[in-house]
Amino acid sequence: MRSVVAAGAEALVVTHAPDVRYLSGFTGSSGAVALVGGRAALFTDGRYSTQAKAEAEGVRVVIDRRVPAVQAVEWLAAAGVKKCAFDAEQTTVVALESMKKAVPGTLRRSFLVATEGLVARLRQVKDEDEIERMRRAAALGCGLFDAVLQYVVPGATEAGVAAQLEFMARLAGAEAMSFETIVASGERSALPHGRATDAKLPAQGFVTLDFGVVLEGYCSDMTRTVHLGRGNEREWDVYHSVLEAQQAAIAAVAAGVRCGKVDEAARSVLRGAGLEKEFSHSTGHGVGLEIHEGPRIAAKQEQVLEPGMVITIEPGAYLSSGAASGVRRPGSRARGSGPDANAFGVRIEDMVLVTEGGCEVLTAASPKAWIEL
Ligand code: ZN
Ligand code: ZN
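Model, not experiment: these values are computed from the prediction. (Residues numbered from 1 in each chain as written. Chains lettered and ligands numbered in written order. Predicted model: local features only at pLDDT ≥ 70, side-chain atom pairs only at ≥ 80, totals over all residues. Heavy atoms only, no water.)

K.L.:
Explain the packing of aromatic side chains here, please?
P.N.:
We describe a pair of aromatic rings using the distance from one ring centre to the other and the angle between the two ring planes. Following the criterion strictly, the structure yields 7 aromatic pairs and no others. Taking the centre distance of 5.2 Å and the plane angle of 55° together, the rings of Trp236 and Trp370 count as tilted. In this pair, Trp236 is assigned in helix α8 (residues 233–252) and Trp370 in the segment after β19 (359–361), connecting sequence segments 134 residues apart. Classification of Trp236 as partly exposed rests on a relative accessible area of 41%. (Phe/Tyr/Trp six-rings, centres within 6.5 Å; stacked < 30°, edge-to-face > 60°. Helix = DSSP H or I, 4+ residues; strand = E, 2+ residues; numbered from the N terminus. Buried < 20%, exposed > 50% of the residue type's maximum accessible area, 1.4 Å probe, protein only.)

Structure, rendered in structure tokens:
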């Protein structure tokens, strides 16, 4: 059982499944953890009776038909708790009403105290066991990228490439994909979140693969952009600007550094390349039991990186067909609007572990140099 002393709450009720898992080890989809002092209890229903007892070591397990959060609140009130924190970000209005009703009338108005992300904040810093799992998840992702390249051929569909990747992932032991696999080819590579469709891969153009696996509960996340056929000078320039931005951001990562500074490291490189507007999202995000966690690696974010955080670094540039032919690196040769005047996009993403002096790139096994297939 993990301690929540760091969260500073007298008592806490937790219902968000990844938080429940983090605190108790229980992986079922319906459960609540109640914490007070050194005591903890996990509440779930009969479907999970065997599983909960096996997974939640050192935690009292209560099986009941009623809503787990309601049971948790009743248990805490009966234990003499006067105030109990709950996570407003993860609690619906309906759930809050039913939790309130479970509190004795005299306490009802003051018992439940809204907080935000208490457990989510604890989860941002991974312990050694979590880091090992994330290393394994990241390594599995890298292996899949190598293996899927044989299917990235002109005429294959994006969905077909995604299906091969996901099939191999399951065979290799992945419990699930971390999110819907992104395969965005040709003009569709200009869509930052182009989910795989029945579009056919072109004879010439970029293909962006953004995917992750869930292994032992932990998510991986990586993106590589490869080129089918010969790339033109404009594509080469944009690819290398994005790569340079990504490497600059990785070089900026270290414990004690503000997240906004890491974002700016990537953004300033793309600004210098005339691609600031084309970088339309933030530089990265925390990853762990969930694919998107804190901290946010975005402009002006004041949060400071800590050793043990695992974050992504994923700048990109997405060019509409006008911009694809018109934006140049300062000093590069002017080019006409030839066959390169199509929309395209590039994103490169690694997962990194924040350390005292810098970071460890967990997805380093996959090459980031320009790949032509
Ligand atoms: Zn990703
Ligand atoms: Zn990501």
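K.L.:
What am I meant to see in the coordination of the zinc ion (ligand 1) here?
P.N.:
Geometry reference: four tetrahedral donors at a metal, ideal angle 109.5 degrees. Six octahedral donors, ideal angles 90 or 180 degrees. Every protein donor of the zinc ion (ligand 1) is listed here as Asp210 (OD), Asp210 (OD), Asp221 (OD) and Glu349 (OE), and their distances to the metal cover 2.0 to 2.7 Å. Here the zinc ion (ligand 1) binds 4 donor atoms, and the angle range of 52 to 153° at the metal identifies the geometry as irregular. Taken in chain order, the donor set of the zinc ion (ligand 1) reads D-x10-D-x127-E. Distance-wise, the zinc ion (ligand 2) is placed 3.1 Å from the zinc ion (ligand 1), both being coordinated by Asp221. Pair noted here: Asp210 is in strand β9 (residues 205–211) and Asp221 is in the loop between β11 (218–219) and β12 (222–228), with a separation of 11 residues, a long-range link. (Donors = N, O, S within 2.8 Å, 3.2 Å for Na, K, Ca; no water. Tetrahedral: all angles 85-135°; square planar, octahedral: opposite > 155°, others 65-115°.)

K.L.:
Explanation requested: the environment of Thr157 in the structure shown.
P.N.:
Inspection of the secondary structure puts Thr157 in the loop between α6 (128–148) and α7 (158–171). For Thr157, a relative accessible area of 25% translates into the label partly exposed. Measuring from C-alpha to C-alpha, the distance between Thr157 and Ala138 comes to 25 Å, with 19 residues separating the pair along the chain. Sequence-distant contacts of Thr157, defined by excluding residues within four places in its chain, comprise Thr197, Asp198, Ala199, Lys200 and Leu201. (Contact = heavy atoms within 4.5 Å.)

K.L.:
Would you explain the sheet that holds strand β7 (residues 176–177) in this entry?
P.N.:
The strands making up a sheet are joined through hydrogen bonds of the backbone, oriented either antiparallel or parallel. Pairing within the open sheet is antiparallel, and its 3 strands lie in the order β7-β10-β11. With partners counted over all chains shown, the strands left at the sheet margins are β7 and β11, one partner each. Here α6 sits on the sheet in contact with β10 (213–215) and β11, set at roughly 140° to β10. (Pairing = 2+ DSSP bridges. Axes fitted to C-alpha atoms, helices over the stretch in contact; angles between N-to-C directions.)

K.L.:
What's the story with α8 in this structure? I'm lost.
P.N.:
Given 3.6 residues per helical turn, the α-helix brings residues three or four places apart onto the same face. The end-to-end C-alpha separation of α8 is 28 Å, in line with the 28 Å expected for 20 residues at 1.5 Å each. Residues Arg234, Glu235, Asp237, Val238, Tyr239, Ser241, Val242, Leu243, Ala245, Gln246, Ala249 and Ile250 constitute the buried set of α8. A distance of 3.0 Å separates the backbone nitrogen of Arg234 from a side-chain oxygen at the start of α8, and that oxygen is part of Asn232. (Expected span 1.5 Å × (residues − 1). Polar contact = N/O pair within 3.5 Å; in protein donor to acceptor, adjacent residues only side chain to side chain.)

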